[in-house]
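One-letter residues, chain by chain:
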Amino acid sequence: MEADLYDEFGNYIGPELDSDDDEDDLDAEDRDVDEDDEPADADEDVPGMEVVLHEDKKYYPTAEEVYGPEVETIVQEEDTQPLTEPIIKPVKNKQFTLMEQELPATVYDMEFLADLMDGPELIRNVTLCVSLFSHGFTCFVDCLIEQTHPEIRKRDDVDLRYTDILFTEQERGVGIKSTPVTMVLPDSRGKSYLFNIMDTPGHVNFSDEVTSSIRISDGVVLFIDAAEGVMLNTERLIKHAVQERMAITICINKVDRLIVELKLPPTDAYYKLRHIVDEVNGLLSTYSTDENLVVSPLLGNVCFASSQYSICFTLGSFAKIYSDTYGKTALRRKFTKKAPSSNSQRSFVEFVLEPLYKILSQVVGDVDTSLPRVLDELGIHLSKEELKLNIRPLLRLVCNRFFGEFTGFVDMCIHHIPSPQEGAKNKIEHTYAGGLDSDLGEAMAECDPDGPLMCHTTKMYSTEDGVQFHAFGRVLSGTIQAGQPVKVLGENYTLEDEEDSQVCTVGRLWISVARYQIEVNRVPAGNWVLIEGCDQPIVKTATITEPRGNEEAQIFRPLKFNTASVIKIAVEPVNPSELPKMLDGLRKVNKSYPSLTTKVEESGEHVILGTGELYLDCVMHDLRKMYSEIDIKVADPVVTFCETVVETSSLKCFAETPNKKNKITMIAEPLEKGLAEDIENEVVQITWNRKKLGEFFQTKYDWDLLAARSIWAFGPDTTGPNILVDDTLPSEVDKALLGSVKDSIVQGFQWGTREGPLCDEPIRNVKFKILDAVIAQEPLHRGGGQVIPTARRVVYSAFLMATPRLMEPYYFVEVQAPADCVSAVYTVLARRRGHVTQDAPIPGSPLYTIKAFIPAIDSFGFETDLRTHTQGQAFALSVFHHWQIVPGDPLDKSIVIRPLEPQPAPHLAREFMIKTRRRKGLSEDVSISKFFDDPMLLELAKQDVVLNYPM
């Protein structure tokens, strides 16, 4: 038996099984039984031992069985999505601004505020400008907010900064956007006025925000730090406000610094304050022709404040404190100009500064013993808890109780800044492209709420999540209603070319108060308004008017900035497939920043132009985080250049049209000094009549009568710094024929000056003279297609024959540093081709001011470098000032540019030109033959001019 369990090789095979025949018999029996039972359990599926294919096996219940039939389930195939990404993304709430969810409590009713909007004589539209971002007027607005909003209070020593609503502003501690605040403020007699206040950024890079705010205001309050005095930006703001015909008042802020920091005795503090007022008046007389434009505490347009300690007074409001305390005295005493005796004090020192000093010193000095007695005398009652406060909060409390609300500031604005009704005529004359003599002009000049709708928007504010924009502007006539259809006119709209206009429907309307918005259903003339729903066609500024019936409406002129965007960065997405997202982001930042320019170069790179490093840093932050949420690569920053000439063309340059029927001859020469700036600042305008234009050039620049009367155009735009002059003589040239192609030649000149021959940058400071012109008789032979490119070519050849040079932008830098750091500042500037123009101590403070010029291209990283060398004690501000010629000849072929080596000064022009051409995808060098006809080249060869030009 044992042997049967193994085969012959000894492998175990087990005992023998029963025979198959028996099984077959059994199966047959079973089958019979099954057949009988079948009808009974045909419905029941008995899971048997049947073979189930692998793909039909069911290990888990289906989704439908688990979740029920009405739940939609998504089955994600493997590998199509990385493990790090959730299959169903959580909804992300994007929020970039601090907004209140509910309307906060105010000391006035919102209905009262809305009613005041109907009385334009009770409204004041004011821009608060600050000469430096630390001059503390954001705190000043906080004080006004605290007075009108009883529940909003600052925590101990942390500033409230209610108007810095962007998270980036909170993090950086610097204002980036201008923020509108509308509130009701009482004057010293208790009468309420509606104040529309615009809190603007103080950093000089963001002066474009100030420009857009000034455009919709009637006056400015200029904040000046009592300790630091008039600075670079103060001067620029005064000049800008005068140019924009604003009412100017000043507020000398941080008066406490004179006492607490600089520890000046009262008389010195008086001289320091007086010095600031004198400096401001000096600047006003420089920039303004109006003799009556003076600021003085006596006139009531100077106010003194310390926002940190809640102090604000004018001479009038301080006098009111005296009269409230002492009442009217029987003694008649007079103020005199001359001191009655040699040791008598100035009244300002005796009646204003000394009491202020006493209050501050009592609180800072002897809190426990003598302070309660002094407070009793002043009629200020503090509880025991309040007396136990730290010095700063206590000082703030005492000053707040003593000086009361900021009625002095309100009085100053009411008396010295016109209401929208009074200021309308001046505003319209200055900003409206049409005249005042139409019905529409009159309605705007009268600020008529029943006239045709005209609203000027100058700013775009993005929503909390950065998805869409709301337009912010001022209603100049008529009343804007929520939900009404309007026509939006863009900056390129004219009565002749109506392409840049679109009909939209207004969504909701709000009155903006920094962190919250009050929704209203209509806004009458004279007010500021935030408009939903018409952001799509607006890029920078716009004019909103009736969709029909107001056909003669023209636009408000685009903003004119007091600085230039000269710094340039190129951007591209890290992932090329995200280019559409980046383009959408670029469109949005372009709306968000007033003076930002975005453009696409010929080589296809996307370029952003801004005013400075901080500005572009904020733009890039918004582009990356807020508007496109993608990774973006940024090229090293460069600057825009200009091209110019330094001599007259060495020979007459001519060019023939392709059909050989016309020939134009020109020469180029440099413009007189100062003329380019006059054109840019619109001191002279091409739209003037011939006689007035001629007189200007004859008297100011000694042009002869003929040349002055035959100016054809400025270029590249109507305010471009180049001039085209027709210098042909009627005896030699058919003036009628020349006149028939004037427009084409001007267009060619504009095109040529917009992108010069050296490196496609604008031409500047060049006068082009037409000396001769042969024009075909038949109109067919002198069409634009023939003449325009030829005019451009002759502009280029005349330019290249006149010793061309590159120009670069220069920054004006103002550095404040302690005396021992001055030499370090000189060192840093010298390393960057900068030169100092002035250094002087700031009167009444331990600091020095150093004024200097530095090329913009060498200014990248300058501030960081300066801080490193002075252990962070120096503070610099830089702003575009002028254009200057780059040393060296850009066309000198003998210069070899070695990579990665700093070039000596005479090689810079060549280096800049070649690198700019490379970046733009142009050929390495300027080839002359591109711009010269064959006959012209023969002429050149004869005169042996073509020495170092590549053919």
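Keep in mind the model is a prediction, meaning the values are calculated, not measured.

Asks: Explain the overall build of the chain here, please?
Replies: If you tally the helices and strands in the chain, you get 29 helices and 32 strands. On C-alpha atoms alone, the chain measures out to a radius of gyration of 38 Å, which is more than a quarter above the 30 Å that the 2.2 N^0.38 rule sets for 951 residues. Projected onto the principal axes, the alpha-carbon positions of the chain cover approximately 145 × 100 × 65 Å. Counting all 951 residues of the chain, 51% fall into the buried class. Long-range contacts, defined as pairs at least 24 residues apart, comprise 73% of the intrachain contacts of the chain with a sequence gap of at least 6. For the chain, the accessible area works out to roughly 46700 Å², and carbon and sulfur atoms hold 51% of it. Within the chain, one finds 95 positive and 153 negative side-chain charges whose respective centroids are separated by 19 Å.

Asks: I would appreciate a short explanation of the packing of helix α18 (residues 579-592) against helix α19 (residues 613-627) in the present structure.
Replies: For any two helices packed against each other, one specifies the crossing angle of their axes together with the interaxial distance. Look at α18 against α19: their axes get within 9 Å of each other, and the N-to-C directions meet at 125 degrees. By the angle between their directions, the pair α18 and α19 is classed as oblique. Where α18 crosses over α19, the two elements pack in a sense that is right-handed. Each of Met582, Gly585, Leu586, Lys588, Val589 and Ser592 in α18 lies in contact with α19, whose residues at this interface are Val619, Asp622, Leu623 and Tyr627. Residue classes in the contact of α18 with α19 are distributed as six nonpolar, two polar and two charged.

Asks: How should I be thinking about the environment of glutamate 643 in this particular structure?
Replies: Within the fold, glutamate 643 resides in strand β23 (residues 642-645). Judged by its relative accessible area of 0%, glutamate 643 is buried. Counting along the chain gives 628 residues from glutamate 643 to proline 15, while the straight-line C-alpha distance between them is 108 Å. Leave out the neighbours within four places in its chain, and glutamate 643 touches Gly756, Pro757, Leu758, Cys759, Asp760, Glu761, Pro762, Ile763, Arg764, Phe799, Arg805 and Leu806.

Asks: Would you take a moment to explain the packing of aromatic side chains for this structure?
Replies: Two measures describe an aromatic ring pair: the distance that separates the ring centres and the angle between the ring planes. Summed over the entire model, instances satisfying the criterion amount to 30 aromatic pairs. With centroids separated by 6.1 Å and ring planes inclined at 50 degrees, the aromatic side chains of tyrosine 270 and phenylalanine 348 adopt a geometry described as tilted. On the criterion of sequence distance, the pair formed by tyrosine 270 in helix α9 (residues 266-287) and phenylalanine 348 in helix α11 (residues 347-364) is long-range, its members being 78 residues apart. Summarising the aromatic geometry, the rings of phenylalanine 318 and tyrosine 322 are spaced 5.8 Å apart at their centres and angled 45 degrees between planes, so their arrangement reads as tilted. Of this pair, phenylalanine 318 and tyrosine 322 both sit in helix α10 (residues 315-326), four residues apart, which is roughly one turn of the helix. For tyrosine 322, a relative accessible area of 28% puts it in the partly exposed group. Against the face of tyrosine 593 rests lysine 177, its NZ or CZ located 3.4 Å from the ring centre. Cation over ring: lysine 663 sits above phenylalanine 654, and NZ or CZ is 4.4 Å from the ring centre.

Asks: I would appreciate a short explanation of the pattern of salt bridges in the present structure.
Replies: Pairing between side chains becomes possible if they bear opposite charge and their charged atoms approach one another. This model, assessed by the stated rule, comprises 44 salt bridges. The closest approach of N and O atoms between lysine 459 and glutamate 209, which form a salt bridge, is 2.8 Å. Residue lysine 459 is located in strand β8 (residues 454-462), and its partner glutamate 209 is located in helix α6 (residues 207-215); the two are separated by 250 residues in the primary sequence. Summarising the burial analysis for this pair, lysine 459 and glutamate 209 share the class buried.

Asks: I would appreciate a short explanation of the sheet that holds strand β26 (residues 711-715) in the present structure.
Replies: Either a parallel or an antiparallel arrangement is found when strands of a sheet pair, and the pairing is made through backbone hydrogen bonds. Here five strands make up an open sheet; going across it, the order is β24-β25-β28-β27-β26 and the pairing mixed. Of all the strands in the sheet, just β24 (653-656) and β26 have a single pairing partner and so form its edges. The average angle at which neighbouring strand axes cross in this sheet is 25 degrees, direction not considered. As judged from the four bridges shared by strand β27 (residues 722-726) and strand β28 (residues 766-774), these two strands associate in the parallel manner. Its bridge partner being in β28, aspartate 726 is matched across the sheet by isoleucine 770. Packed on one face of the sheet, helix α24 (residues 742-754) meets β25 (663-670), β26, β27 and β28 and runs near 30 degrees to β26.

Asks: What is the right way to look at the state of the cysteines in this model?
Replies: In protein chemistry, a disulfide is the covalent bond that joins the sulfur atoms of two cysteines. Under the defined criterion, the tally for this structure stands at zero disulfides. The structure places no disulfide on cysteine 129, whose sulfur is separated from the nearest cysteine sulfur, that of cysteine 413, by 12 Å. Take cysteine 642: it sits in no disulfide, and the sulfur closest to it among the cysteines is that of cysteine 759, at 9.6 Å.

Asks: Is there a simple way to explain empty space enclosed by the protein in this structure?
Replies: Gaps left between atoms are located by rolling a probe of water-molecule size over the structure's atoms. Scanning all chains against the criterion turns up five cavities of 30 Å³ or more. Volume-wise, the largest cavity comes out at about 50 Å³. What lines the largest cavity is Cys139, Asp142, Cys143, Glu146, Lys154, Asp159, Leu160, Ser307, Gln308 and Arg396. By residue number, the principal contributor to the lining of the largest cavity is helix α4 (residues 137-148), which donates four residues. Looking at side-chain class alone, the lining of the largest cavity contains three nonpolar, two polar and five charged residues.

Asks: I'm lost on the side chain of threonine 211 in this one. Help?
Replies: Within the element layout of this structure, threonine 211 appears in helix α6. The buried category is assigned to threonine 211, whose relative accessible area is 3%.

Asks: Explanation requested: the pairing of strand β5 (residues 247-253) in the structure shown.
Replies: Every regular strand shows the same layout, with side chains that alternate between the two sheet faces. When you tally the buried positions in β5, you get seven out of seven residues, the bulk of the element. Going residue by residue along β5, you find Ala247, Thr249, Cys251 and Asn253 tucked away on one face and Ile248, Ile250 and Ile252 tucked away on the opposite face as well. When strand β4 (residues 219-225) meets β5, the two strands line up parallel, connected through seven bridges. Pairing of valine 221 across the sheet is with threonine 249, part of β5. Between the parallel elements β4 and β5, the chain passes through helix α7 (residues 232-243) in a crossover that is right-handed. The pairing of β5 with strand β6 (residues 302-306) spans three bridges and is parallel.

Asks: Any chance you could explain the packing of helix α26 (residues 822-831) against helix α27 (residues 862-869) here in plain terms?
Replies: Across the interface, α26 lies against α27 with an axial gap of 9 Å and an inter-helix angle of 145 degrees. In terms of crossing hand, the pair formed by α26 and α27 is right-handed. Of α27, the residues touching α26 (which contributes Ala824, Val825, Val828, Leu829 and Arg831) are Phe862, Asp865, Leu866 and His869. Here the contact of α26 with α27 is built from residues that sort into six nonpolar, one polar and two charged.

Asks: I tried to follow α19 on my own but got confused; where do I start?
Replies: Helical periodicity: at 3.6 residues per turn, an α-helix aligns residues three or four positions apart in one direction. With 15 residues, α19 should reach 21 Å at 1.5 Å per residue; the first-to-last C-alpha distance of 20 Å fits that figure. Of all the residues in α19, the buried ones are Tyr615, Leu616, Cys618, Val619, Met620, Asp622, Leu623, Met626 and Tyr627. With its phi angle positive at about 50 degrees, glutamate 629 sits one or two positions after the end of α19.

Asks: So what exactly am I meant to see when it comes to the pairing of strand β29 (residues 804-818) here?
Replies: Burial within β29 is extensive, with 15 of its 15 residues counted as buried. Pairing of β23 with β29 involves four bridges; the strand directions are antiparallel. Its bridge partner lying in β29, glutamate 643 is registered against leucine 806. Bridging between β29 and strand β32 (residues 875-885) involves 10 bridges; their strand directions are antiparallel. Within the sheet, the bridge partner assigned to proline 809 lies in β32 and is tryptophan 883. As judged from the nine bridges shared by β29 and strand β31 (residues 847-855), these two strands associate in the antiparallel manner. Following the sheet pairing, glutamate 814 is matched in β31 by lysine 851.

Asks: Explain the sheet that holds β6 here, please?
Replies: Taken together, seven strands build an open sheet; the order of strands is β2-β3-β1-β4-β5-β6-β7 and the sheet is mixed. Bordering the open sheet on either side are β2 (179-186) and β7 (311-313), each of which pairs with just one other strand. The average angle at which neighbouring strand axes cross in this sheet is 25 degrees, direction not considered.

Asks: I tried to follow the nonpolar core on my own but got confused; where do I start?
Replies: For soluble globular proteins, the rule of thumb is that nonpolar side chains tend to be buried together. Counting 167 residues, the largest nonpolar core has Val221, Phe409, Ile608, Ile745 and Phe768 as the members making the most contacts within it. For isoleucine 745, the residues in contact, after removing those within four places along its chain, are Ile664, Met666, Trp712, Leu724, Leu738, Ile770, Val787 and Ala791. In terms of nonpolar packing, the next biggest core, distinct from the first, is built from 57 residues, Ala269, Ile311, Leu353 and Val363 among them.

Asks: I tried to follow unusual backbone geometry on my own but got confused; where do I start?
Replies: The phi angle of most residues is negative, glycine excepted, and most peptide bonds adopt the trans form. Backbone torsion omega between glycine 715 and proline 716 reads 5 degrees, so that peptide bond is classified as cis. Relative to the assigned elements, proline 716 resides in the loop between β26 and β27. Unusually for a residue other than glycine, serine 310 sits at a positive phi of about 60 degrees. Judged by its relative accessible area of 4%, serine 310 falls in the buried class. Its identity as a non-glycine residue notwithstanding, cysteine 447 has a phi of 55 degrees, on the positive side.

Each value, and the rule that gives it
- Residues numbered from 1 in each chain as written.
- Predicted model: local features only at pLDDT ≥ 70, side-chain atom pairs only at ≥ 80, totals over all residues.
- Heavy atoms only, no water.
- Helix = DSSP H or I, 4+ residues; strand = E, 2+ residues; numbered from the N terminus.
- Rg over C-alpha atoms; globule rule 2.2 N^0.38 Å.
- Buried < 20%, exposed > 50% of the residue type's maximum accessible area, 1.4 Å probe, protein only.
- Contact = heavy atoms within 4.5 Å.
- Areas by Shrake-Rupley, 256 points an atom, 1.4 Å probe, with all protein chains shown as cover.
- Lys, Arg positive; Asp, Glu negative; His and termini not counted.
- Charge placed at Lys NZ, Arg CZ, Asp CG, Glu CD.
- Axes fitted to C-alpha atoms, helices over the stretch in contact; angles between N-to-C directions.
- Parallel < 35°, antiparallel > 145°, perpendicular 65-115°, else oblique.
- Left-handed = near helix turned anticlockwise from the far one by under 90°.
- Nonpolar A, V, L, I, M, F, W, Y, C, P; charged D, E, K, R; others polar.
- Phe/Tyr/Trp six-rings, centres within 6.5 Å; stacked < 30°, edge-to-face > 60°.
- Lys NZ or Arg CZ within 6 Å of the ring centre and 35° of its normal.
- Salt bridge = Lys/Arg side-chain N within 4 Å of Asp/Glu carboxyl O.
- Pairing = 2+ DSSP bridges.
- Disulfide = S-S within 2.5 Å.
- 1 Å grid on protein atoms, 1.4 Å probe; cavity = no way out; pocket = protein on both sides within 12 Å on 5 of 7 lines; lining within 4 Å.
- Points joined across faces, edges and corners; volume = space filled by probe spheres on them.
- Right-handed = clockwise from strand over helix to strand, strands pointing away.
- Expected span 1.5 Å × (residues − 1).
- Core = buried A, V, L, I, M, F, W, Y, C linked by side-chain atoms within 4.5 Å.

Any functional reading would require information beyond the geometric quantities listed.
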